[in-house]
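# Observations on the model geometry
Chain by chain, the residues run as shown.
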Amino acid sequence: MATPGRHVGHYIQRNSRFLLNNLDQLWVNRTFGWTSALRQHAAETITESTDTIVIPRKKTWSKEAVLEALAATVSRDPTAYSYQFQDDPYLTPRTAPELRLYTLAQESGRSAAKYFVNSNPKFFTKDFAEPHIPCLMPETVSLRLEEVSEEALKERINLRKVKAAVDMYDQILQAGVSVSMETTHDLLDLICLYCDKDPVEDEGPETEDVEGAEDAKRNKAGARRASNILKSIWRENNNAERLFNLLPERDTQCYSALIRGMVKHGAYTKAFSAYTDMLNNRLTADVHIFNALISAAPEVRDKYNERWDVIIELLNQMSQQKVQPNLLTFNSVLKALRRCGFLAKTQSIHTLNEMKALGIAPSLASFDHILAVFFKGASRQANSDIFQEVMSELAGTSFTCRDPDDTHFFSNAMRICVEIKDLELAYKVQSLLEVGENWRLLRDPYRSYFYGSFFSLLCMMEHVDVVMKWYRQLVPSVYYPNTQGFRDLMQALDTDSRLDLLPVIWKDIRSLGHDNKSDLVEELLNLMARDTHSPEVQESYAACALDVKSVFAGDRGNKSLEWSPSSLSNITSLLLRANKTQQAWEMLQLFKSKNRVPATGLLEEFLSACHSEGSTNRAVALVQLSAAFCLSATPTLAKRTLSEFDLTEEQRAILLDLESAGESLE
């Protein structure tokens, strides 16, 4: 039985090999649409498949890579408000002050929620998030270690409990236990950073007023900064100095913490004294010490030459001690040069060249200091070439924040563009802001000023079509125009004879909450009523005038505006030009109820409208209204009515009496 089975298996194997070979030939020779080129490509593919496969190197993606890729597929919606307000339309800001108020309110709410969670951690023990989100869980804010030990000291340092940490350090020393140098460094850093005071909890985001804002805001900001300085002044023989003097051994890092704390909190002379003491102890300073002392140089000398000599001496000592400068070193020099008068322009260029020679790429703060040096005083226009060179070097570059002063560049650069009235440079600054994520370097307090200055320059120097393009692109997604911004826009529309867009602008004025500004509303009405336009435009003007009337009446629950003679006259005139005589007559009645006197030209215009409509009764009533105001134009209006209208005997008698009474008053 085994032999026949073996023969059968051998037969099947031999015939199957023959069948497979024939199938391969049939497959290659089939002509169901394959050309010779395709067969050659298939053969090359088979040949290439036998080559060695090179596996690419593994690429590590960040956790936000997918979100970043999705975000790159969309752009900013110019018609939408900021994403942070889209969850609650009721709290959508309409003005820059409301934006700041609502942003601070949101931050305050987060701080309150965080305080509640941290104060009551037992109610928030369950973690439902997958993966785990640490920031949503309670933080350890209370002290757990009460025994006198270095671990308890570290706990107090990590929780930023300045006074508790100092007390624990004193208790450890009294117990005869030494503290490690690393922990001592951390304690000195904590005390010097907060000027020997416990940090204020939940103080919210820092706010600064933008340069060029209103004087009242600037005065308030100055008072606030003065109060902050008084609160954080460096006191004589505070705990930082006391603990420093108690140290058996002081190294460079101890001196670094002390000197930087003194500079941060205004003790500039003591900082230089501590630096001299460090040199006497044959210690070498680090780059942080030199950066702090360079920034303090203008505070310890009065004359420009002496300030620069101090900076040069510090730089020479850096070279002697073989301390490598960094970006903040050169930025400190450039910032100090802003207070060195006539030396600033020459030395700032030398500093920038030295910076590049050492291979240190300047940051936005570096160029901000350069621009501040050259665009100070009366020679702004003559230094525009420097600005051009700066923008040419920065064009197309994406920046990250490497210096806290980087956030000042865009607002200051746009301010200079407005001062020298250079629209080309303003476009370059705006284009640089849109590169990569440079927009992150324009902080919220400066954003409204930046876009407000840019839009003001556009209204001043650009064609109205371009102005409107930018207007639709910026409002309301990134810019909330103030009253002056709308004035500039209306002036641009007036300059280019595009007053037909005023009704559209009025809708934005209402939606952005500026309809309560009487001077802005008056200017809008004056522009619409100044000239006569086509019937279509006059119709849109009349609809706009009726909407403005509702604002004066307070129909939507808002505080009503006070009627003025010009506003009453302009609205009445706009309604007359759109043949809305009944509404115009109602406006004339408001003159009497609001104790306002209509102009003679308005009454004559109204009389002409009555003549065109053949409204005799209204014409007589108009003359009577003029007589009620004791206007000198009453006899003239009466004569016109007598000559131009078909009157009854009763109406004619009334007008003759009004005419004679008016002439007798004259």
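Before reading on, note that the structure itself is shown above.
What you see is a predicted model; the values in this text were computed from it and never measured.

### Quick word on the overall build of the protein chain
Helix and strand content of the protein chain: 31 helices and 0 strands. Contacts spanning at least 24 positions in sequence make up 66% of the contacts within the protein chain whose residues lie at least 6 apart. Element-wise, carbon and sulfur atoms account for 53% of the exposed surface of the protein chain, whose accessible area totals about 38,300 Å².

### Notes on helix α19 (residues 423–433)
Regarding α19, the residues found buried are Leu-423, Leu-425, Ala-426, Val-429, Gln-430, Leu-432 and Leu-433. Looking at the buried side of α19, the elements it contacts are α17 (384–394), α18 (409–420), α20 (444–461) and α21 (464–474).

### Section: the packing of aromatic side chains
For the structure shown, the criterion picks out 15 aromatic pairs. Taking the centre distance of 5.0 Å and the plane angle of 90° together, the rings of Phe-454 and Trp-470 count as edge-to-face. Here Phe-454 is found in helix α20, whereas its partner Trp-470 is found in helix α21, with 16 residues between them in sequence. Exposure class is identical for Phe-454 and Trp-470. Each is buried.

### Details of helix α22 (residues 483–495)
For α22, built from 13 residues, the straight-helix expectation of 18 Å at 1.5 Å per residue is met to within 8% by its first-to-last C-alpha distance of 18 Å. Of all the residues in α22, the buried ones are Thr-483, Gly-485, Phe-486, Asp-488, Leu-489, Met-490, Ala-492 and Leu-493. Residue Ser-497 follows α22 closely and has a positive phi angle near 55°.

### Re the packing of helix α10 (residues 252–264) against helix α12 (residues 287–300)
Running from amino to carboxyl end, α10 crosses α12 at an angle of 25°, the nearest separation of the two axes being 9 Å. Relative to α12, α10 is oriented roughly parallel. Here α10 runs over α12; the crossing is left-handed. Contact with α10, carried on its side by Thr-252, Tyr-255, Ser-256, Ile-259, Arg-260 and Val-263, involves His-288, Ile-289, Ala-292, Leu-293, Ser-295 and Ala-296 of α12 and no other residues of that element. Taken together, the residues of the contact of α10 with α12 break down into 7 nonpolar, 4 polar and 1 charged.

### What to know about a nonpolar patch on the surface
Together, Val-66, Leu-67 and Leu-70 make up an exposed nonpolar region whose accessible area comes to about 330 Å². Mapped onto the elements of the fold, Leu-67 is located in helix α3 (residues 65–71). Here Leu-67 falls in the exposed class, since its relative accessible area comes to 58%.

### Digging into the pattern of salt bridges
Under the counting rule described, the total for this entry stands at 28 salt bridges. A salt bridge links Asp-531 to Arg-530, with the shortest nitrogen-to-oxygen separation between them at 3.3 Å. A residue is classified by how much of its surface remains accessible, and Asp-531, at 34% relative accessible area, is partly exposed. According to the relative accessible area criterion, Arg-530 is partly exposed, its value standing at 43%.

### Some details on the nonpolar core
Grouped together as the largest cluster of nonpolar side chains are 171 residues, with contacts concentrated most on Tyr-275, Phe-387, Phe-409, Phe-410, Val-429, Leu-502 and Leu-588. The residues contacting Phe-410, other than those within four sequence positions of it, are Leu-364, Val-429, Leu-432, Leu-433, Asn-438, Leu-441, Leu-442 and Phe-450.

### Some points on the environment of Pro-78
For Pro-78, the position within the fold is in the loop between α3 and α4 (96–119). Spatially, the C-alpha atom of Pro-78 lies 6.0 Å from that of Leu-474, the residues being 396 residues apart in sequence. Apart from residues lying up to four places away in sequence, Pro-78 is in contact with Arg-472, Gln-473, Val-475, Pro-476 and Ser-477.

Cut-offs and rules
Per chain, residue numbering runs from 1 following the sequence as it is written. Local features in a predicted model are, by the rule used here, given only for residues with pLDDT of at least 70; side-chain atom pairs are given and counted only at 80 or more, and totals for whole chains, interfaces and linings are based on all residues. With hydrogens and water stripped out, all remaining heavy atoms of the structure feed into the side-chain values. For helices the rule is a DSSP run of H or I covering at least 4 residues; for strands it is a run of E covering at least 2, with both sets numbered from the N terminus onward. In what follows, residue pairs with any heavy atoms lying within 4.5 Å of each other are defined as contacts. Accessibility throughout is a Shrake-Rupley quantity obtained with a 1.4 Å probe, and a residue counts as covered only by protein chains that appear here. Note on classification: 1.4 Å probe, protein chains only; a residue is buried when its accessible area is under 20% of the maximum for its type, exposed when over 50%, partly exposed between these limits. Pairing of aromatic rings covers Phe, Tyr and the six-membered ring of Trp, with a centre-to-centre limit of 6.5 Å; geometry is then stacked below 30 degrees between planes, edge-to-face above 60, and tilted otherwise. Expected helix span is computed as 1.5 Å times (number of residues minus one). A fitted line through C-alpha atoms serves as each axis, taken over the contacting stretch for helices, and the angle formed by two N-to-C directions is quoted from 0 to 180°. By the definition adopted for this analysis, an angle is roughly parallel if under 35 degrees, roughly antiparallel if over 145, roughly perpendicular if from 65 to 115, and oblique otherwise. Take the far helix as your reference; a near helix turned counterclockwise from it by less than a right angle gives a left-handed crossing, and one turned clockwise gives a right-handed crossing. Amino acid classes used here: Ala, Val, Leu, Ile, Met, Phe, Trp, Tyr, Cys and Pro are nonpolar; Asp, Glu, Lys and Arg are charged; the rest, including Gly, are polar. Think of a patch as exposed residues, more than 30% relative accessible area, with no salt bridge, where like charges cluster within 9 Å and nonpolar side chains (Val, Leu, Ile, Met, Phe, Trp, Tyr) cluster within 5 Å. A pairing counts as a salt bridge when a side-chain nitrogen of Lys or Arg comes within 4 Å of a carboxyl oxygen of Asp or Glu. We call a set of buried Ala, Val, Leu, Ile, Met, Phe, Trp, Tyr and Cys residues a nonpolar core when their side-chain atoms join them within 4.5 Å.

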